[in-house]
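Report on the structure
Next come the chains, spelled out residue by residue.
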Amino acid sequence: MGTMSSREDPIQAAVDDDDRDLYDVATWEERTSLDGLAVALHWLFVRGAKLAVVLLAALILVSIGAIGVLSEPPIAFLTLLSAIPALGLTGYVWYSDVTTSEPLSLLVATFLLAVLTATFAAVVNGLAQGLFAPLGGLGLLLFFYLVVGPVEETVKLLAVRLYAYTDKRFDAVIDGAVYGAVAGLGFATIENSLYIARNVEIADLTLGIALVGAGDGIAGIRALAGPGHVIYSAYAGYYLGLAKFNPENRGPIIIKGLLIAAVIHATYNATAGFGTATIMAGTGLPFLAAFALFVVLYQGFFGGILLRKLWQYRTVYLETRGGTGAETAAGRANADEDPTEPEAAEPELTEFEE
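Being a predicted model, the structure only gives us computed values, none of them experimental. (Residues numbered from 1 in each chain as written. Predicted model: local features only at pLDDT ≥ 70, side-chain atom pairs only at ≥ 80, totals over all residues. Heavy atoms only, no water.)

1. With respect to the pattern of salt bridges
Tallied over the entire structure, the rule returns 4 salt bridges. Residue Lys156 is joined to Glu153 by a salt bridge in which the shortest nitrogen-to-oxygen separation is 2.9 Å. Of this pair, Lys156 and Glu153 both sit in helix 6 (residues 136-162), 3 residues apart, which is roughly one turn of the helix. For Lys156, a relative accessible area of 0% puts it in the buried group. Taking relative accessible area as the criterion, Glu153 reaches 0% and is therefore assigned buried. One salt-bridge network, in which partners are shared between bridges, spans Asp21, Glu29 and Arg31. (Salt bridge = Lys/Arg side-chain N within 4 Å of Asp/Glu carboxyl O. Helix = DSSP H or I, 4+ residues; strand = E, 2+ residues; numbered from the N terminus. Buried < 20%, exposed > 50% of the residue type's maximum accessible area, 1.4 Å probe, protein only.)

Written out as structure tokens, the structure reads:
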């Protein structure tokens with residue numbers, strides 16, 4: 001007996017070469033008015049659910065005062081300053097995409113969605129932290145590994161899943177890493193602004209280079225922490241891209257990416273303090289310099305693995321086209337689709353539910 005595709009009903013597989021009409025028997029397509037109503041209601045439900053998520057996130061963003069924080073020029077300046085390293089790393093991930101340049105509209109939308117979805121992490125982290133506090137040091141580790149890492153990486157991936165993932169211009173596995181990196185940049189930007197606002201006195205600030213040392217160097221600390229968010233979510237995004245083109249294993253692939261991102265993220269949180277203190281004791285460096293060295297070592301290690309994965313994709317992509325690395329620019333310059341085209345409709349409601 002021959003093998004049969006798991007995505008076909010036995011009847012459909014048996015009569016693939018037949019002209020028999022299997023509508024509403026083993027296949028389905030929009031034909032009747034009732035079919036049209038079902039399609040319309042499905043579209044409204046999926047889009048409505050996404051809109052509800054975005055509106056809820058925006059409401060939380062306003063309620064925690066983030067809009068007011070960013071409206072203060074000194075805080076906005078420090079936030080921009082702290083985001084520069086993360087922006088640079090995001091740009092490099094974008095450059096590593098050898099396929100086609102991603103449209104600005106999707107990049108900006110993903111960034112803004114990440115700013116919004118970051119609010120969910122703020123709420124969950126805030127509520128959960130008190131539950132683990134009575135456990136002391138063990139509770140802090142559990143908090144990092146069970147809450148902070150998984151929650152923050154999930155909400156960043158949600159920013160990609162809400163819009164860019166469903167667009168037909170998301171047309172390669174590596175695109176997931178690009179949009180994941182952009183989501184990490186958006187998350188880091190809003191997180192930095194809130195950390196900075198809590199650690200500086202706005203009334204005492206004026207625009208200028210002296211701002212860099214405000215709040216015990218909080219801008220410098222956040223600048224060093226920011227690239228980590230880009231790295232973690234680029235990992236998760238890469239596997240989201242892999243899942244899009246391997247739908248039969250979509251769920252496990254997405255979970256694998258989230259596990260990798262969450263563990264790297266949580267381990268950074270768990271070791272940053274001890275690692276920095278160890279470097280200070282061993283080298284005599286001041287705190288900020290020791291912290292910078294720890295970050296370079298830790299994020300550099302995992303960032304290097306990520307970039308090796310992206311360049312592996314790049315190499316195989318060019319080899320399958322008979323090209324070499326020198327043809328990167330040509331590959332990126334391939335005609336992009338019109339960025340004004342509407343996003344492709346989602347094939348299944350269950351994709352959103354994952």
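2. A look at the UniProt feature "transmembrane region" (unreviewed entry) in the protein chain
The feature "transmembrane region" (unreviewed entry), as given by UniProt, occupies residues 51-69, 75-95, 104-124, 130-148, 258-281 and 287-307 in the numbering adopted here. Annotated as 100% helix and 0% strand, the span residues 258-281 places its first and last C-alpha atoms 34 Å apart. Measuring from the first to the last C-alpha atom of residues 287-307 gives 29 Å, for a span that is 100% helix and 0% strand. (UniProt positions renumbered as here; feature names shortened; annotations may be inferred.)

3. With respect to helix 6
Working note: α-helix, 3.6 residues per turn, so residues spaced by three or four point in the same direction. Between its terminal C-alpha atoms helix 6 stretches 37 Å, which fits the 39 Å expected from 27 residues at 1.5 Å a residue. If you look at helix 6, its biggest bend is around 35°, right at Phe144. (Expected span 1.5 Å × (residues − 1). Bend = angle between axes of the 7 residues up to and from the residue.)

4. Considering the nonpolar core
Residues Val160, Tyr179, Tyr238, Tyr268, Phe294, Leu310 and Tyr313 are the most contacted members of the largest nonpolar core, which totals 55 residues. No other element matches helix 8 (residues 214-244), which puts 12 residues into this core. Not counting chain neighbours up to four residues away, the residues in contact with Tyr313 comprise Thr99, Ala172, Val173, Ile174 and Tyr238. Ranked by size, the runner-up nonpolar core spans 21 residues in total, among them Ile60, Phe120, Ala128 and Phe187. (Core = buried A, V, L, I, M, F, W, Y, C linked by side-chain atoms within 4.5 Å. Contact = heavy atoms within 4.5 Å.)

5. Describing the packing of aromatic side chains
Tallied over the full model, the rule gives 13 aromatic pairs. Taking 5.0 Å as the distance between ring centres and 85° as the angle between the ring planes, the aromatic pair formed by Phe301 and Phe302 counts as edge-to-face. Ring geometry for Tyr313 against Tyr317: centres 6.4 Å apart, planes inclined by 15°, an arrangement best described as stacked. Of this pair, Tyr313 and Tyr317 both sit in helix 10 (residues 287-319), 4 residues apart, which is roughly one turn of that helix. Tyr317 carries the same exposure label as Tyr313, and that label is buried. An aromatic cluster is defined as three or more aromatic residues linked by ring pairs; in this entry it consists of Tyr268, Phe294, Tyr298, Phe301 and Phe302. The ring of Phe187 is capped by Lys156, whose NZ or CZ atom sits 5.5 Å from the centre of that ring. (Phe/Tyr/Trp six-rings, centres within 6.5 Å; stacked < 30°, edge-to-face > 60°. Lys NZ or Arg CZ within 6 Å of the ring centre and 35° of its normal.)

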